[in-house]
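Secondary and tertiary structure notes
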Amino acid sequence: MNDTTTFSLPNALPHLPRHLLSGLCAMVFCLGFFSVSPVHAADELAANAINAIGDFTVFRTDGIQEQLEGKGTLPLYEGDRVKTGSGSQALIEFTNGIQVALNENSDFLILSRWENDKGFTRILRLATGEVWVKTMGGPKPLEIETPVATAAVKETEFDIKVLPDGQTTLTVVEGIVEFGTAFGTCPIKTSTISYGNRGKKCTKPAPVDVAPNVAWAQGIRQ
Amino acid sequence: MKDQSRLTSLLFTVMVLLVVAQLTGCLGSTPPPKPEGLNTRVYTANESSNTVTVLDGDTYQVLGDIETLNYGAHDLALSRDGKQLWVTNLANGRVSVIDTESRQTIASIFTGTRAHVVALTNNNKHAWVANIAENTISIIDTSIYRILGTIPVGKGPMGIAFSRDGKLAYVSTQDKMVNVIDTAAHQVIKQIPVGPNPHFLTLGPDGRIWGTNTGSNDIYVIDPGTNEIAETIEVGPAPQQIAFALKGTAGPNAYVTVTGINKVVVVSATSPTLSIREQIDVGEEPNGIWANAVGTRIYVGHTKSNNVMVIDSGTSQVLATLPVGRKPIRVVASR
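Bear in mind the structure is a predicted one, so any value in this text is a computation, not a measurement. (Residues numbered from 1 in each chain as written. Chains lettered and ligands numbered in written order. Predicted model: local features only at pLDDT ≥ 70, side-chain atom pairs only at ≥ 80, totals over all residues.)

Turning our attention to the overall build of chain B. Counting secondary structure elements, chain B contains 1 helix and 28 strands. When the backbone C-alpha atoms are referred to their principal axes, chain B occupies close to 95 × 45 × 40 Å. Counting across all 335 residues of chain B, residues that qualify as buried make up 50%. (Helix = DSSP H or I, 4+ residues; strand = E, 2+ residues; numbered from the N terminus. Buried ≥ 20, exposed ≤ 12 C-beta atoms within 10 Å, placed from the backbone.)

For the rest of this paragraph, the subject is the sheet that holds strand β8 (residues 115-120) of chain B. Residues and elements named next belong to chain B. Spatially, the 4 strands line up as an open sheet ordered β8-β9-β10-β11, and their pairing is antiparallel. Sheet topology places β8 and β11 (146-152) at the edges, where each strand pairs with a single neighbour. Neighbour-to-neighbour, the strand axes of this sheet turn through a mean angle of 25°, independent of strand direction. The pairing of β8 with strand β9 (residues 126-131) spans 5 bridges and is antiparallel. Considered in β9, the bridge of A119 is made with W128. (Pairing = 2+ DSSP bridges. Axes fitted to C-alpha atoms, helices over the stretch in contact; angles between N-to-C directions.)

The next point concerns the sheet that holds strand β14 (residues 177-182) of chain B. Residue and element names in this part refer to chain B. Taking strand neighbours across the sheet as the criterion, the 4 strands line up as β12-β13-β14-β15 in an open arrangement whose pairing is antiparallel. Each of the sheet's edge strands pairs with one partner strand only, and the pair in question is β12 (157-162) and β15 (187-193). Each neighbouring strand pair of the sheet contributes to a mean axis angle of 25°, computed without reference to strand direction. Both β14 and β15 contribute to a ladder of 6 bridges, which runs antiparallel. From the neighbouring strand, N179 faces β15, where its bridge partner is Q191.

Here we come to the interface of chain B and chain A. Taken residue by residue, the interface counts 22 residues in chain B and 19 residues in chain A. Breaking the side of chain B that touches chain A down by element, the ones donating at least two residues are β7 (104-110) and β11 of chain B. No other element matches β7 of chain B, which puts 7 residues into the side of chain B that touches chain A. A per-class count over the side of chain B that touches chain A returns 11 nonpolar, 9 polar and 2 charged. In this structure, strand β8 (residues 107-115) of chain A lies alongside β7 of chain B, joined through 3 bridges in antiparallel fashion. Bridge pairing in β7 of chain B links R113 of chain A to I109 of chain B. (Contact = placed C-beta atoms within 7 Å. Nonpolar A, V, L, I, M, F, W, Y, C, P; charged D, E, K, R; others polar.)

Once that is clear, we can look at the pairing of strand β9 (residues 119-135) of chain A. All names here are of chain A. When strand β7 (residues 98-102) meets β9, the two strands line up antiparallel, connected through 5 bridges. Its bridge partner being in β9, I98 is matched across the sheet by T135. The sheet contact formed by β8 and β9 spans 9 bridges and is antiparallel. The residue bridging S112 from the neighbouring strand is R122, located in β9. Two successive antiparallel strands, β8 and β9, enclose a turn made up of 3 residues. Across 4 bridges, the pairing between β9 and strand β10 (residues 142-145) is parallel.

Structure follows, in structure tokens:
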């Protein structure tokens, strides 16, 4: 059976042979498929910063800098770098429903990876600082890259902190995070913590009281 | 009796037809595999056309172009099985992964600003990508295309090569150094001073690390036992890249593209000290160079004339000149 026969053709087009319509549908489908750019365009909205306390700056790819003070909407795009200053926090909502809160002195880049069979995966490259992440409305692929590790998630809530030397601390509030360094991967589950260090596999998950680790994000989320 | 005779005659006819069909290949059976070494694929990274050109390295034919779906294709690394081709894209900092069987880009990964060169670890599990403008190496898992870490190195990483045992990585940087990295710790353990604008690095058949000082006239060889420069030799202005091949019983020799004189300079890699054996005239601005797996053919890319010359290393004669994309910087061939 041809794949095109699975399409339901509208009865409003009775004068065209069904096989011709099927062919046209297949062509339109294929054209649409192949016209998708594998790289997110710089003008494609990735997220909105919706709240900021203190110093929150966005560095665009063309060198322009923009800031958000208090509640509002500051669009963020692929390639943007966002930073919070000392004593500052910010809340970002991605277009696919992922919420990210930045703690003070955080610095990350908004990126994506494209794969032929999977499409786009949103990536946040966290150079330093701390973010709290919660995916909402079903599984959403997201990866947080740090200098020494990567946390990959689909449906979860977690906190990740990067020290200046790259040491990464992952605390999972709910769900499972695939946490890996170049030396091995560890699945980290609800209410556990793991550390990633340069040149080492991530540590085995250890039970932890997650509440104190994510308490900082409560203020900015309100 | 008559029927039996007819049946025997019919069976005989069918058998004859089957034999003829088998001999002429009409049955559509799988053709016998080619002997090893006769399936050389050559790839060029064409920086100004954002493509990779595929050549048949044995019949000297252009097989087609592959869109990298990125900007500024610069360096190439081919997996040992020849199925994955990794391409850095200098202009937009991404790496393209090409499936060589379907000749399509199957993934695009941002590594860092001005992603310059790429090398696969000896087990092909990781791709190391040098980001010139960020002074880092990105480590990518080659099965899931996920970046698993970055290693800070010196200013402007330009070339990457791994030691034979894979325990050390060598990264040349624009601050006139080669950084030695412990691959088990992802730490720079030593910096070796070299010449101006050190660029290309490769593992030689002698187990030593060979590099070019593109900013001067010489190439150098690092002894991985001491991690010191063992030898240097002047080859001419702006040496670019190095491949190794044989000349009859002589060799392996190092074939160095020297842009400033439009030649490939052949350096003996087996004599006690480095010595120049000959110089081969090639086209304008030779840059990328690679040898086939058996070391009898050299493929030289020219960034000005946008072509690849196939050279017989036995006679040093140019056998073919093949058009490729614009500004072919890098050439690699299947093993």
